[in-house]
Amino acid sequence: MRAVLMAGGSGTRLRPLTCDMPKPMVPILNRPIAEHIINLLKRHNITEIITTLHYLPDVMKEYFHDGKQFGVQMTYAIEEDQPLGTAGCVKNIAELLNNTFLVISGDSITDFDLTSAIKFHKEKKAKATLILTRVPNPVEFGVVITDKDQRICRFLEKPSTSEIFSDTVNTGTYILEPEILNYLPANEEKDFSTDLFPLLLKNGEAMYGYVAEGYWCDVGHLDAYREAQYDALECKVKLEFAYAEKEPRLWIGKDTYIDPSVKIEPPVVIGSNCRIGARTNIEAGTIIGDNVTIGADADLKRPIIWNGAMIGDEAHLSACVISRGSRVDRRGIVLEGAVIGALSTVGEEAQVSNDVRVWPNKRIDSGAILNINLIWGNIAHKNLFGQRGVSGLANIDITPEFAVKLGTSYGSTLKPGSSVIISRDQRNVSRMVTRALISGLMSTGVDIKNLGSAAIPIARTMTTKLGVAGGIHVRLHPDRPDSILIEFLDQQGINISKAKEKKIEGAYFKEDLRRVQVSKIGDISYPSQINETYMKCFANLLKVDAIRNSGAKIVIDYVYAVSGAVLPQLLAQFECDAVVLNASLNQNAISSQERETMLHQLGQVVEALRASLGVQVSANGEQLILVDENGLSIRGEALTALMVNICLAANPNCIVVVPVNASSAVEQISRRHGGRVIRTKANPTSLMEASSENHNVVLGGSGDMGFIFPQLHPGFDAMFSIAKLLEMLTLQKRSLAQIRMDLPMVCHKSLSVRCPWKVKGALMRYLVETHNPENLELIDGVKIVNRQNDNWVLILPDGGEPLVHIYANSDDREWVIQSLKDYRHRVQSFIDQEQGMNPL
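Residues numbered from 1 in each chain as written. Predicted model: local features only at pLDDT ≥ 70, side-chain atom pairs only at ≥ 80, totals over all residues. Heavy atoms only, no water.

Some points on the overall build of the chain
1) Next: Assigned secondary structure in the chain consists of 21 helices and 56 strands.
2) Next: Across its three principal directions, the C-alpha atoms of the chain cover 110 × 60 × 50 Å.
3) Next: In the chain, buried positions account for 56% of the 840 residues.
4) Next: The contacts in the chain between residues at least 6 apart in sequence include a share of 58% that link residues at least 24 apart. (Helix = DSSP H or I, 4+ residues; strand = E, 2+ residues; numbered from the N terminus. Buried < 20%, exposed > 50% of the residue type's maximum accessible area, 1.4 Å probe, protein only. Contact = heavy atoms within 4.5 Å.)

Here we look at helix H6 (residues 222-233)
1) Next: Taking 1.5 Å per residue, twelve residues should reach 16 Å; H6 reaches 17 Å between its end C-alpha atoms and fits that length.
2) Next: Along H6, the residues classified as buried are Leu222, Ala224, Tyr225, Arg226, Ala228, Gln229, Tyr230, Asp231, Ala232 and Leu233.
3) Next: Of the residues trailing H6, cysteine 235 is marked for its positive phi of about 60°. (Expected span 1.5 Å × (residues − 1).)

Re the sheet that holds strand S40 (residues 470-476)
1) Next: Read from one edge to the other, the open sheet built from six strands follows the order S37-S41-S40-S38-S39-S42, with strand pairing classed as mixed. Only two strands of the sheet have a single neighbouring strand rather than two, namely strand S37 (390-393) and strand S42 (524-525).
2) Next: Here strand S38 (residues 419-424) pairs with strand S39 (residues 447-453) via six bridges, running parallel. Counterpart to serine 419 in the pairing with S39 is aspartate 447. (Pairing = 2+ DSSP bridges.)

Examining the nonpolar core
1) Next: In this structure, Ile28, Leu29, Leu41 and Tyr225 are the most contacted members of the largest nonpolar core, which totals 66 residues.
2) Next: With seven residues, the single largest contributor to this core is H6.
3) Next: Ignoring sequence-local partners within four residues, the contact set of isoleucine 28 consists of Ile33, His36, Ile109, Tyr225, Ala228, Gln229, Ala232 and Leu239. (Core = buried A, V, L, I, M, F, W, Y, C linked by side-chain atoms within 4.5 Å.)

Here we look at the sheet that holds strand S54 (residues 782-785)
1) Next: Read across the open sheet, the five strands follow the order S52-S56-S55-S54-S53; overall the sheet is antiparallel. Strands at the two margins of the open sheet, each flanked by one partner only, are strand S52 (747-754) and strand S53 (776-777).
2) Next: Pairing analysis gives eight bridges linking S52 to strand S56 (residues 803-810), with the strands arranged antiparallel. Bridging from a neighbouring strand, arginine 754 pairs with leucine 803 of S56.
3) Next: Helix-sheet contacts for helix H20 (residues 757-769) involve S53, S54, strand S55 (792-797) and S56, and the interaxial angle to S55 is about 160°. (Axes fitted to C-alpha atoms, helices over the stretch in contact; angles between N-to-C directions.)

Re helix H4 (residues 114-124)
1) Next: Buried within H4 are the following residues: Leu114, Ala117, Ile118, Phe120 and His121. End-on view of H4: buried residues confined to an arc of 155°, all on one side of the axis. Relative to its buried face, H4 has exposed residues pointing more than 90 degrees away, namely Lys119, Lys122 and Glu123.
2) Next: On its buried face, H4 is in contact with helix H1 (33-43), strand S6 (101-105), strand S8 (128-134), strand S11 (168-176) and strand S12 (207-211).
3) Next: Phi turns positive one or two residues past the end of H4, at lysine 125, with a value near 50°. (Arc of directions from axis to C-beta.)

A closer look at the packing of aromatic side chains
1) Next: In total, this model carries 18 aromatic pairs according to the counting rule given.
2) Next: Their ring planes at 85° and their centres at 5.3 Å tell us that tyrosine 508 and phenylalanine 509 sit as a pair that is edge-to-face. Here tyrosine 508 matches phenylalanine 509 in class, with each residue buried.
3) Next: Grouped by ring-pair contacts, the aromatic residues Tyr534, Phe538, Phe709 and Phe720 constitute a single cluster.
4) Next: Lysine 405 extends its terminal NZ or CZ atom over the ring of tyrosine 508, reaching a point 4.4 Å from the ring centre.
5) Next: Directly above the ring of tryptophan 792 sits lysine 783, whose terminal nitrogen or CZ lies 4.1 Å from the centroid. (Phe/Tyr/Trp six-rings, centres within 6.5 Å; stacked < 30°, edge-to-face > 60°. Lys NZ or Arg CZ within 6 Å of the ring centre and 35° of its normal.)

Description of the pattern of salt bridges
1) Next: On inspection of all chains with the given rule, the structure shows 39 salt bridges.
2) Next: A salt bridge links glutamate 622 to arginine 475; the shortest N-O distance between them is 2.8 Å. Of this pair, glutamate 622 sits in the loop between strand S45 (613-618) and strand S46 (623-627) while arginine 475 sits in strand S40, and the two are 147 residues apart along the sequence. Grouping residues by exposure puts glutamate 622 and arginine 475 together as buried.
3) Next: The partner of lysine 498 in a salt bridge is glutamate 501, and the shortest N-O contact between them spans 3.3 Å. In this pair, lysine 498 and glutamate 501 are both assigned in helix H10 (residues 498-510), three residues apart and thus about one turn of the helix distant.
4) Next: Here lysine 498 falls in the partly exposed class, since its relative accessible area comes to 48%. (Salt bridge = Lys/Arg side-chain N within 4 Å of Asp/Glu carboxyl O.)

Focus: unusual backbone geometry
Most peptide bonds are trans, and most residues other than glycine sit at a negative phi.
1) Next: Cis geometry marks the peptide bond from arginine 15 to proline 16, where omega comes out at 10°.
2) Next: With an omega dihedral of 0°, the bond running from proline 266 to proline 267 counts as a cis peptide bond.
3) Next: By the element assignment, proline 267 lies in the loop between strand S17 (263-264) and strand S18 (268-270).

Some points on the environment of aspartate 195
1) Next: Relative to the assigned elements, aspartate 195 resides in helix H5 (residues 192-202).
2) Next: Of the residues examined, aspartate 195 reaches a relative accessible area of 30% and is grouped as partly exposed.
3) Next: Considering only alpha carbons, one finds aspartate 195 and glycine 85, 110 residues apart in sequence, at a separation of 10.0 Å.
4) Next: The contacts of aspartate 195, once residues within four sequence positions are left out, are Glu189 and Lys190.
5) Next: At a separation of 2.7 Å, a polar atom in the side chain of aspartate 195 contacts the main-chain amide nitrogen of aspartate 191. (Polar contact = N/O pair within 3.5 Å; in protein donor to acceptor, adjacent residues only side chain to side chain.)

With respect to the side chain of asparagine 683
1) Next: In this fold, asparagine 683 is placed in the loop between strand S49 (676-680) and helix H17 (684-693).
2) Next: Residue class for asparagine 683 comes out buried when judged on its relative accessible area of 9%.

Regarding the state of the cysteines
1) Next: Going through the model one piece at a time under the given rule, you end up with zero disulfides.
2) Next: In this structure cysteine 320 is a free cysteine whose sulfur lies 16 Å from that of cysteine 274, the closest cysteine sulfur available.
3) Next: Residue classification places cysteine 320 among the buried positions, given a relative accessible area of 0%.
4) Next: Its sulfur unpaired, cysteine 576 is 18 Å from the next cysteine sulfur, which belongs to cysteine 647.
5) Next: Overall, cysteine 576 belongs to the buried group, its relative accessible area being 14%. (Disulfide = S-S within 2.5 Å.)

Quick word on the packing of helix H7 (residues 400-412) against helix H8 (residues 428-443)
1) Next: Running from N to C, H7 and H8 point in directions that differ by 40°, and their axes come no closer than 7 Å. Taken together, the axis directions place H7 and H8 in an arrangement best described as oblique. Viewed along their axes, H7 and H8 form a crossing whose handedness is right-handed. Mapping the contact onto sequence places Pro400, Ala403, Val404, Leu406, Gly407, Thr408, Tyr410 and Gly411 in H7 and Met432, Val433, Ala436, Leu437, Gly440, Leu441 and Ser443 in H8. (Parallel < 35°, antiparallel > 145°, perpendicular 65-115°, else oblique. Left-handed = near helix turned anticlockwise from the far one by under 90°.)

Points about the packing of H1 against helix H2 (residues 57-64)
1) Next: The geometry of H1 relative to H2 is characterised by a closest axis approach of 11 Å and an angle of 50° between their N-to-C directions. By the criterion of interaxial angle, the relationship of H1 to H2 is oblique. Remark: the crossing between H1 and H2 carries right-handed chirality. Taking contact as the criterion, the partners of Ala34, Glu35 and Ile38 in H1 are, on H2, Met60, Tyr63 and Phe64.

Points about the pairing of S54
1) Next: Burial of the side chains of S54 extends over both faces: Val782 and Ile784 are buried on one face and Lys783 and Val785 on the other.
2) Next: Note that S54 and S55 share four bridges and pair antiparallel. What sits directly across from valine 785, in S55, is tryptophan 792.
3) Next: Following S54, the chain reverses through six residues before pairing antiparallel with S55.

The analysis is restricted to geometry; functional conclusions fall outside its scope.
Set out below in structure tokens:
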């Protein structure tokens, strides 16, 4: 007799286990389900097996080949174009089925007596015999009723609770005569239970049900998969173990080393070529695959660990599944019901909560707590907040579901009845995320003042004007056009503090979320005249007559940003001769290359029109790049120095605030004008806080992040910067090119080195310990300063990526180049040494 092994399904309910293999290849006791089925067939003298394949067919073919190694003869039928269903795929191989044949599902574990079932089929002279079994809850299966002669008289596929009329169910194993396939059309998708069997019943064909004794489990979902593993280990089903039974109910493979101090409570299976470290505790029910490494002091409470996994020291695994090639680092925790997909990493001291599923090739950061399935993104971070707000790939990391929970987490840190503003850029993806955030906030009893599409400087201004507890602004990330950036503002319009970020993260990861009664759900309103309010505040801080009488011609490139909707009105109010480029709103993200092309075109227009200056506005109204009257761009450190120069010339003896990595040109300019420089951490929040907290500050920021005029609001504002620049240029009777020529000649360069997160702290400690304390500044990172001049080197860890940035600054270009070379070698050598001591 031949058997047809049906192995075509993709096993969506078993994801992520079946992302890279078909269901029949999922291991039970470290052998694929299909191998257990083949062993069952072989025990009943069925050795000719035709396997129908559709999903990832090569995985099964490469494992079994022609079947000789397993004592059978295997051939394969692949459904190339489309799945044909359980019956359609058998019809597809009808020419190979000339005699009575058996069909068996490739995703079930059983030890049924197939010989007795075949004998029953022949005695009844049946055209089709369904092997049945009795189960406590038949809702998930096809229910079958037979008469006193065991002839099938009724069945129903997967009934509802009210439709259950028997506990006898179809197991997906059939004994069939070849002529019944004549009822099926060729090359069409047909199913045994819903198409063929009802047709046979209708036509009075002899169809019988054989109620089998023994074990049967349909491994159709993750709970059933774990149940089948534990049942097999308890020998509730007759399966062949892959390894010798070294002690009662303890099966161990070849070449496996187990430290003598390891405690093992049978039954346990441990595969071949494994290494298990000292003092590890292995509880009953644990299944460990081949080539698995387990560190010292690990605690294993019934996990199912697949081949090639690595489990770190002091890891805790509880009734979870760790898939092929995955690793759980030191003190990692994976709780009951969780599944870690193939080739994924659970970082040091990270936790995967109950029933969470992690898809293949994902990474969970050290210390992170994962409470939701990780499917689309690549990384589960320890922190929600990076260097600047919450960011991630649009509609992959930052999804509507994520945004609802984030909004709920933020709202849970505010008092019920509080109000927050929310604003965004003009793009649809930002609108989508904003609406999800609003839903989460309202569910906590927080009222919303929705500003809609508005430049972020306007949102910061309105935060104080509307007297709200805080705010959120959503936009495309200014540096990554495929990502979303969500920024949270405090009641002054400053980006929230690290302490507040930690509160939101605590609510999010611990799921300490407030839900209010229906009557307390937050309200939503739409404030009016927000642009007019901003323009009034804007104009009150300018010497408007100077701008009106300047005679300046300015060319502005809005890069299709939302600020383009506001700035033309402001400039028209000041009677400024402005030529506008790219002012329309665009849904598409602008790449850095496109922005550079626009900047080049801006320079050409400025030169052709003989304009006083040009400016490119980006980052939804926060950042700018200047173009002088000769069409040459001014950006980065040159822009920082230029803005400091012009502001301190207009306001001598005042203060400017810059990040720790800004060039020493700032100090040189400040000394000319009797000013003072305050340096802060290299993040926006620190710049905003220092600019607003210190009196007599006339400018904060940098060319890379934007500029702050704290008299207006504490955030970056390219629009106000343009107007203020026109005012000061007019009063000082200087051009951009003239100011540029007056700037100090300072060489300021940087480079980046990849540095694992775990090494960053040790690297900073090493740098501190190996330099004279008198030459160190530890505002942010480690800055090595020569007190005799303005020479310095800064090693600054990146807040959001596994990188460190190295900056060198001096009047001497050669010194800068050599210092970068020396410190790059020094940093890289330390990283290599640390990774050698702690290999991945």
